[in-house]
Amino acid sequence: MAPRCWRWWPWSAWLRTRPPPSESTQSFRQQFSTQEQTPQICVVGSGPAGFYTAQHLLKHHSRAHVDIYEKQLVPFGLVRYGVAPDHPEVKNVINTFTRTAHSDRCAFHGSVAVGRDVTVQELRDAYHAVVLSYGADDHQALEIPGEELPGVFSARAFVGWYNGLPENRALAPDLSCDTAVVLGQGNVALDVARILLTPPEHLEKTDITEAALGALRQSQVKTVWIVGRRGALQVAFTIKELREMIQLPGTRPILDPADFLGLQDRIKEVPRPRKRLMELLLRAATEKPEVAEVARRASASRAWGLRFFRSPQQVLPSPDGRRVAGVRLAVTRLEGVGEATRAVPTGDVEDLPCGLVLSSIGYKSRPIDPSVPFDPKLGVIPNVEGRVVDVPGLYCSGWVKRGPTGVITTTMTDSFVTGQILLQDLKAGLLPSGPRPGYAAVKALLGSRGVWPVSFSDWEKLDAEEVSRGQGAGKPREKLLDPQEMLRLLGR
Ligand SMILES: Cc1cc2nc3c(=O)[nH]c(=O)nc-3n(C[C@H](O)[C@H](O)[C@H](O)COP(=O)(O)OP(=O)(O)OC[C@H]3O[C@@H](n4cnc5c(N)ncnc54)[C@H](O)[C@@H]3O)c2cc1C
């Protein structure tokens, strides 16, 4: 076997220091140059993690080829199916991803579910390196009685519904109730609360699906409670999202000053971003608003509120048992200090009547292939800086690497680290030597299984169709929801 550093010697330097090549060095040279020219790398998942990893690889290795596999027909993961429609500026990252996809050393293969249509081992055989960037699709179940009652949804499914995720298009949540409860106090909780309470006319020019917009126009929901197990100091949302809530047209906040007693002193020591968040929360809860704000709140027809120290114990059924009528919350108190702070039930309970429950208590990744190690407790692939433990040539990035927290920029940073580590390993000769067939081999496998991938130019046809369907209504796009129709549009 060739010494590890050989493959990364500059070729010209190697020629200068060597006698004319013999037959055996010539065959080595062929192998060396093939691999040198084309490290074949594939990425599983086309969300921010997948695209940022690909971007880093293409930018920092002038010959690397990157194939991106995606189980949905279309790219961009949660940028398309998670980020709220009233946050269009966040979706601008799609322009960068599109530039990456246009590279002639990058290809997109949509409608390929890795683990089902092709195994990770098959990808490892076809490529020099495989990067798993498939996110965290699963939601954390409440694991309480009544969770299965109609009217209880994961916030993620609700988000998928208004964002046009095909599998959630028939969710049809009943919005004829007065009160909704969102369990969890992260940004996704604020996203769903905001969408429920935003005057529908403010969503008309967004890319929210027409079906969701129609349902929101008919909605009777007037109050949304956002419930957390712990106290104000532990909320997981960020200041931008909180500010939007506080200023949401047509709504007023319901914040109990008693929940914020003593907080002023406790926030002195917390890190600056959290301090600013807490100060905003404190001001909204305890300061007397200015005249204009008093008038605004008095005329508000909808309200949202934060409830602290409440943990869901049971979803309460309506008298006929057919749907949700409320949530029984266990009153909690905090035990422990710092990171180890836990909410434990005091024994008291409180019933909160509502007709809609959205649970937003976290996500987890799932294992997609038995050959890949998985940490079921943390819900991530065990890795060191993106190297999957004990599997040479296998890497991970994004939510599947570090868990489902963090915004797109956090995902970008960790994906660049994974890309960098992979290139370091390539340079150090730690990846398989010799040429690899890459997509040619996978295409043949997929073809034999009746799987016909969607290319990036196919996506651009669908994209153009969506944009044109949105034009009449002044929307950036009207998303296509039906995979069969999408395939028909592509002539399949
Ligand atoms: C509701 C919601 C709203 C958010 N809003 C914001 C926001 O406003 N601003 C912000 O900065 N961040 C936001 N985030 C966070 C941001 O979306 C994440 O940081 C980021 O998407 C994580 O990137 P990822 O690539 O790891 O995962 P994902 O974006 O989930 O991408 C994973 C991709 O892998 C694909 N995949 C899954 N399984 C397979 C398989 N077996 N084979 C092939 N492909 C597969 C998925 O279909 C998906 O396209 C939000 C998150 C959520 C849930």
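Residues numbered from 1 in each chain as written. Predicted model: local features only at pLDDT ≥ 70, side-chain atom pairs only at ≥ 80, totals over all residues. Heavy atoms only, no water.

Under an unreviewed UniProt entry, the protein has the name NADPH:adrenodoxin oxidoreductase, mitochondrial and belongs to Physeter macrocephalus. What UniProt records for the protein under Cofactor (unreviewed entry) is the sentence "FAD". The UniProt entry for the protein carries this comment under Sequence similarities (unreviewed entry): "Belongs to the ferredoxin--NADP reductase type 1 family." (UniProt positions renumbered as here; feature names shortened; annotations may be inferred.)

(A) Expanded view of the sheet that holds strand β14 (residues 356–359). With parallel pairing, six strands are arranged side by side in an open sheet as β6-β14-β7-β8-β10-β9. With partners counted over all chains shown, the strands left at the sheet margins are β6 (152–154) and β9 (251–254), one partner each. Pairs of neighbouring strands in the sheet enclose a mean axial angle of 20°, with direction left out of account. Pairing analysis gives five bridges linking strand β8 (residues 223–227) to strand β10 (residues 302–307), with the strands arranged parallel. Opposite Trp225, over in β10, you have Gly305 as the bridge partner. (Pairing = 2+ DSSP bridges. Helix = DSSP H or I, 4+ residues; strand = E, 2+ residues; numbered from the N terminus. Axes fitted to C-alpha atoms, helices over the stretch in contact; angles between N-to-C directions.)

(B) Summary view of the layout of surface pockets. When its volume is computed, the second largest pocket comes out at roughly 370 Å³. In terms of lining residues, the second largest pocket is bounded by 19 residues, among which Lys91, Ile94, Asp207, Asp463 and Arg477 are the most central. Counting residues per element, the ones that place at least two in the lining of the second largest pocket are α4 (77–81), α5 (93–102) and α17 (456–471). If one sorts the elements of the lining of the second largest pocket by residue count, α17 sits on top with five residues. Broken down by class, the residue content of the lining of the second largest pocket amounts to nine nonpolar, three polar and seven charged. (1 Å grid on protein atoms, 1.4 Å probe; cavity = no way out; pocket = protein on both sides within 12 Å on 5 of 7 lines; lining within 4 Å. Points joined across faces, edges and corners; volume = space filled by probe spheres on them. Nonpolar A, V, L, I, M, F, W, Y, C, P; charged D, E, K, R; others polar.)

(C) Molecular detail of the UniProt feature "binding site: NADP(+)" (unreviewed entry) in the protein. The positions UniProt marks with the feature "binding site: NADP(+)" (unreviewed entry) are Gln185, Gly186, Asn187, Val188, Arg229, Arg230, Glu241 and Gly406. Here Gln185 lies in the loop between β7 (179–183) and α8 (187–197). The exposure class assigned to Gln185 is buried, which follows from its relative accessible area of 8%. Excluding residues that lie within four positions of it along the chain, Gln185 makes contacts with Ile226, Val227, Gly228, Val235, Ala236, Phe237, Leu306, Arg307 and Phe308. (Buried < 20%, exposed > 50% of the residue type's maximum accessible area, 1.4 Å probe, protein only. Contact = heavy atoms within 4.5 Å.)

(D) Molecular detail of α5. Turning to α5, its buried residues number three or more, namely Val93, Ile94, Phe97, Thr98, Thr100 and Ala101. Along the long axis of α5, the arc covered by the buried residues comes to 160°, so they all point the same way. In this fold, the buried residues of α5 make contact with α3 (48–60), α4, β3 (106–109), α15 (408–427) and α17. (Arc of directions from axis to C-beta.)

(E) Local environment of the site of the ligand. Neighbouring the ligand are 34 residues; Ala49, Glu70, Trp399, Gly406 and Ile408 lie closest to it. Contacts to the ligand include Gly406, whose backbone N or O atom sits 2.9 Å from an oxygen atom. Between an oxygen atom of the ligand and a side-chain N or O atom of Thr411, the distance comes to 3.0 Å. For the ligand, whose unbound accessible area comes to 1,000 Å², protein coverage reaches 93%. Counting only elements with at least two residues in the shell around the ligand, the list comes to α3, α4, α8 and α15. Built from parts of two domains, the shell around the ligand gets at least three residues from each of domain 1 (40–137 + 364–454) and domain 2 (141–361). (Near = heavy atom within 4 Å. Polar contact = N/O pair within 3.5 Å; in protein donor to acceptor, adjacent residues only side chain to side chain. Areas by Shrake-Rupley, 256 points an atom, 1.4 Å probe, with all protein chains shown as cover. Domains from an automatic or database assignment.)

(F) Structural view of the pairing of β9. Side-chain alternation along β9 places Thr251 and Pro253 on a buried face and Arg252 and Ile254 on a face that remains uncovered. Note that β9 and β10 share four bridges and pair parallel. Looking at β10, one finds that Pro253 is bridged to Trp304.

(G) Broad picture of the domain arrangement of the protein. Taken as a whole, the protein is organised into domain 1 (40–137 + 364–454) and domain 2 (141–361). Placing a centre on the C-alpha atoms of domain 1 and another on those of domain 2 gives a separation of 33 Å. In total, domain 1 and domain 2 occlude about 1,300 Å² of area from one another, counting both sides; carbon and sulfur atoms represent 46% of this. Three residues stand out in domain 1 for area buried against domain 2, namely Tyr81, Pro85 and His87, and they jointly supply 45% of the buried area on that side. (Buried area = accessible area lost by both parts, 1.4 Å probe.)

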